[in-house]
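These are the residues of each chain, in order.
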Amino acid sequence: MADQQAPELTSLLAESSIRLDERASSRDEAIRAAGQALIEAGAIDESYVDAMFERENSVSTYVGEGVAIPHGTLAGKDSVKKDALVVLRFPTPVDWDGNEVSVAVGIAAAGNGHIAILSQLASILMDPDSAAALRGATTTSEVYELLASTDDDE
């Protein structure tokens, strides 16, 4: 089976989709904020946000190191207009089913594109130093640099 070439993470992320000073009082509010950022990026229809909640209610998107990766179910892929990422940083961590989340990376992907994107993100987020750098990022360029580091590793 040939490797499907994953898109570069930075190509999926508009500068306006990096929000470093978000506020949310709950997991659901944080997911809604990620969904709203994806809507504003022109990546999804509103109905995809429901698919994000469906995913969260079946399997938590918390991945560790203070990071969650909310994304929709496969059934929601028809609501995706284009593949995109959003990065939301919460200076005051959000309670995510008993875990503290400081960064939520929202994903919109048509087809199976989210699998390649999740795989790339996991390589960053499972590295404690990279995850800490992402949680502490205060500029959009820091976020781009962190995500670009995996683009070069391929």
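What you see is a predicted model, and the numbers here were worked out from it, not measured in a lab.

Rules behind the numbers
Residues numbered from 1 in each chain as written. Predicted model: local features only at pLDDT ≥ 70, side-chain atom pairs only at ≥ 80, totals over all residues. Heavy atoms only, no water. Helix = DSSP H or I, 4+ residues; strand = E, 2+ residues; numbered from the N terminus. Rg over C-alpha atoms; globule rule 2.2 N^0.38 Å. Buried < 20%, exposed > 50% of the residue type's maximum accessible area, 1.4 Å probe, protein only. Contact = heavy atoms within 4.5 Å. Pairing = 2+ DSSP bridges. Expected span 1.5 Å × (residues − 1).

1. Section: the overall build of the chain
Secondary structure summary: the chain contains 5 helices and 5 strands in total. Reading the chain from its N terminus to its C terminus gives the helix and strand order β-α-α-β-β-β-β-α-α-α. Radius of gyration (C-alpha) of the chain: 14 Å, near the 15 Å computed for a compact globule of 154 residues. In terms of its C-alpha atoms, the chain occupies a principal-axis envelope of roughly 40 × 35 × 25 Å. Counting the 154 residues in the chain, one finds 49% classified as buried. For the chain, the share of sequence-separated contacts (at least 6 apart) that also reach a separation of at least 24 residues comes to 70%.

2. Digging into the pairing of strand 5 (residues 99–108)
The element strand 5 is largely enclosed, with a buried count of 8 among its 10 residues. Pairing of strand 3 (residues 67–68) with strand 5 involves 2 bridges; the strand directions are parallel. Paired with valine 67 across the strands is valine 103, a residue of strand 5. Looking at chain direction, strand 4 (residues 84–96) and strand 5 are connected through 9 bridges and run antiparallel. For valine 94, the partnering residue across the bridge sits in strand 5 and is valine 101. Remark: 2 residues form the turn of the hairpin made by strand 4 and strand 5, two consecutive strands paired antiparallel; aspartate 97 in that turn has positive phi of roughly 55°.

3. Focus: the pairing of strand 4
Alignment of strand 1 (residues 18–19) against strand 4, held across 2 bridges, turns out to be parallel. When the sheet's bridge partners are listed, arginine 19 is paired in strand 4 with leucine 88.

4. Comments concerning the environment of valine 59
Tracing the sequence through the fold places valine 59 in the loop between helix 2 (47–58) and strand 2 (62–64). On the basis of relative accessibility, which here comes to 48%, the residue valine 59 falls in the partly exposed class. Residues valine 59 and aspartate 83 lie 24 residues apart in sequence; the distance between their C-alpha atoms is 21 Å.

5. Focus: unusual backbone geometry
Backbone phi values are negative for most residues with the exception of glycine, while trans is the configuration of most peptide bonds. Unlike most non-glycine residues, glutamate 65 shows phi in positive territory, near 55°. Residue placement: glutamate 65 occurs in the loop between strand 2 and strand 3. At aspartate 97, a residue that is not glycine, the phi angle is positive and equals roughly 55°. Inspection of the secondary structure assignment puts aspartate 97 in the loop between strand 4 and strand 5.

6. Quick look at helix 1 (residues 27–40)
Relative to the 20 Å expected for 14 residues at 1.5 Å per residue, helix 1 spans 20 Å between its end C-alpha atoms, a close match to the ideal helical length. What helix 1 keeps buried is the set Arg27, Ala30, Ile31, Ala33, Ala34, Gly35, Ala37 and Leu38. Packing partners of the buried residues in helix 1 comprise strand 1, helix 2, strand 4 and strand 5. At the exit of helix 1 stands glycine 42, carrying a positive phi of roughly 75°.

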